[in-house]
Amino acid sequence: MRRALPRLVSLCLAASLLALTPTDATDPCADSTGTVVYPQQQVWVHEGETKVGNLTQHGDQPPAPWDTEPPTASVATGAGAGALSGFGSLESLVADSPQSATFAGAFEGCLDTVLVELYAFQPTNRTGTSGELNEAPHNFGAELVIDGKTFTLAGPKEAATVPNPGGSATYRLRFAIHGVRAAMERHGLALDGPHELQLTMTAWFINTNNTVYVWDTTEVPTGLTFNGTADETYGRSIKL
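Cut-offs and rules
Residues numbered from 1 in each chain as written. Predicted model: local features only at pLDDT ≥ 70, side-chain atom pairs only at ≥ 80, totals over all residues. Heavy atoms only, no water. Helix = DSSP H or I, 4+ residues; strand = E, 2+ residues; numbered from the N terminus. Buried < 20%, exposed > 50% of the residue type's maximum accessible area, 1.4 Å probe, protein only. Contact = heavy atoms within 4.5 Å. Areas by Shrake-Rupley, 256 points an atom, 1.4 Å probe, with all protein chains shown as cover. Salt bridge = Lys/Arg side-chain N within 4 Å of Asp/Glu carboxyl O. Phe/Tyr/Trp six-rings, centres within 6.5 Å; stacked < 30°, edge-to-face > 60°. pLDDT = per-residue confidence, 0-100. Polar contact = N/O pair within 3.5 Å; in protein donor to acceptor, adjacent residues only side chain to side chain. 1 Å grid on protein atoms, 1.4 Å probe; cavity = no way out; pocket = protein on both sides within 12 Å on 5 of 7 lines; lining within 4 Å. Points joined across faces, edges and corners; volume = space filled by probe spheres on them. Nonpolar A, V, L, I, M, F, W, Y, C, P; charged D, E, K, R; others polar. Pairing = 2+ DSSP bridges.

Before going further, it helps to examine the overall build of the protein. For the protein, the helix and strand inventory stands at 2 helices and 12 strands. Reading the helices (α) and strands (β) of the protein from amino to carboxyl end gives α-β-β-β-β-β-β-β-β-α-β-β-β-β. Among the 240 residues that make up the protein, the fraction classed as buried is 43%. For the protein, the share of sequence-separated contacts (at least 6 apart) that also reach a separation of at least 24 residues comes to 79%. Accessible surface, the protein as shown: approximately 12,700 Å² in total, 57% of it carbon and sulfur.

Turning next to the pattern of salt bridges. Using the criterion set out here, one finds 4 salt bridges in the structure. With a closest N to O distance of 3.1 Å, Lys 51 and Glu 47 form a salt bridge. A relative accessible area of 29% places Glu 47 in the partly exposed class. Because the salt bridges share partners, they merge into one network encompassing Asp 27, Arg 181 and Glu 185.

Here the focus is the packing of aromatic side chains. Throughout the structure, instances matching the rule amount to 4 aromatic pairs. With a centroid separation of 5.0 Å and 80 degrees between ring planes, the pair formed by Phe 103 and Trp 215 is classed as edge-to-face. Residue Phe 103 is located in strand S4 (residues 101-108), and its partner Trp 215 is located in strand S10 (residues 211-215); the two are separated by 112 residues in the primary sequence. When sorted by exposure, Phe 103 lands in the same class as Trp 215, which is buried. Feature note: the residues Trp 66, Phe 107 and Phe 226 constitute an aromatic cluster, connected by ring pairs.

What follows deals with the confidence of the model for the protein. With 81% of its residues at a pLDDT of 70 or more, the protein shows a mean pLDDT of 85. Segment residues 15-24 is flagged for pLDDT under 50; beyond a separation of four residues in sequence, or across chains, it makes 0 contacts in the model.

The next point concerns the side chain of Thr 202. In this structure, Thr 202 sits in strand S9 (residues 194-203). Polar contacts involving the side chain of Thr 202 include one to the side chain of Ser 100, which spans 2.5 Å.

Turning our eyes to something else, we now look at empty space enclosed by the protein. Think of a ball as big as a water molecule: rolled over the atoms, this probe shows where empty space is left. Scanning the entire structure with this criterion turns up 1 cavity of 30 Å³ or more. Quantified by volume, the largest cavity comes out at close to 30 Å³. Around the largest cavity, the lining residues are Gly 48, Thr 50, Gly 53, Thr 56, Gln 61, Pro 62, Pro 63, Ala 64 and Trp 215. Looking at the lining of the largest cavity, its residues break down into 4 nonpolar, 5 polar and no charged.

This brings us to the side chain of Thr 211. With respect to the secondary-structure elements, Thr 211 resides in strand S10. The residues touching Thr 211, leaving out its near neighbours within four places in the chain, are Ala 83, Leu 84, Ser 85, Ala 120, Phe 121, Gln 122, His 138 and Ala 203.

This paragraph deals with the layout of surface pockets. The computed volume of the largest pocket comes to approximately 220 Å³. Lining the largest pocket, in full, are Glu 135, Ala 136, Pro 137, Pro 156, Lys 157, Glu 158, Ala 159, Ala 160, Gly 235, Arg 236, Ser 237 and Ile 238. A per-element tally of the lining of the largest pocket places strand S7 (residues 149-163) first, with 5 residues. Taken together, the residues that form the lining of the largest pocket break down as 6 nonpolar, 2 polar and 4 charged. Of the pockets and cavities examined, the second largest pocket occupies roughly 180 Å³. What lines the second largest pocket is a set of 14 residues, among which Val 75, Phe 121, Thr 170, Thr 217 and Val 220 lie closest to the centre.

Turning next to the pairing of strand S6 (residues 138-146). Judged by how many residues are buried, S6 sits mostly within the fold: 9 of 9 residues are covered. Judged by which residues are buried, S6 turns out to be covered on both faces: His 138, Phe 140, Ala 142, Leu 144 and Ile 146 on one side and Asn 139, Gly 141, Glu 143 and Val 145 on the other are all buried. Examined bridge by bridge, S6 and S7 share 8 bridges and lie antiparallel to one another. For Leu 144, the partnering residue across the bridge sits in S7 and is Phe 151. Where S6 and S9 come together, 7 bridges link them in antiparallel fashion. The residue of S9 that forms the bridge with Val 145 is Gln 198.

Pasting the structure below:
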């Protein structure tokens, strides 16, 4: 009986260690050294089948596509596209609004943050109504679709707004989405490999957010940065 005791203790210890060992310790986002990698990539939105982005919401054309090539033509040469927006509501999903802008494209690798940079005409922007010199934020609702799963950013969310530093009459709107990986894990989506994404934007308040989102010119290079680091120009990050 005394001889069996050390063996029994050893077996119990081994069983305890086995129970504490993860069944799968490999992170799908880790490289060969075990370092978790989120590849950074910048993309720009381009004109779709027509210049009228609202046709996407009516089912008449695919979303405006993005790729890694920045716009090369100026609005002065007739380049660019846009979509009228300004009728978001709490009663309907963003994508159901006939006045939204929708962009779509691909990304390869693990994803944790998405930085969005939009450009827009805002004739009824709230700037100045508060008596402050700061630009009022842009209020919006959005839907981000990743590999067929829709994540709704119910409005009103806020995008940091400044006059467009690269052109006149338009505004630059920026916001950041974080917690993308955690959201994908919650819904059982594959973290690594290729992904298909779609972003739909709807300006929120009918009286102050009437907006024409514009893209695909050198003056209004609307786009997204995957796994970028947001600075103060993106305002408060939005958790997915």
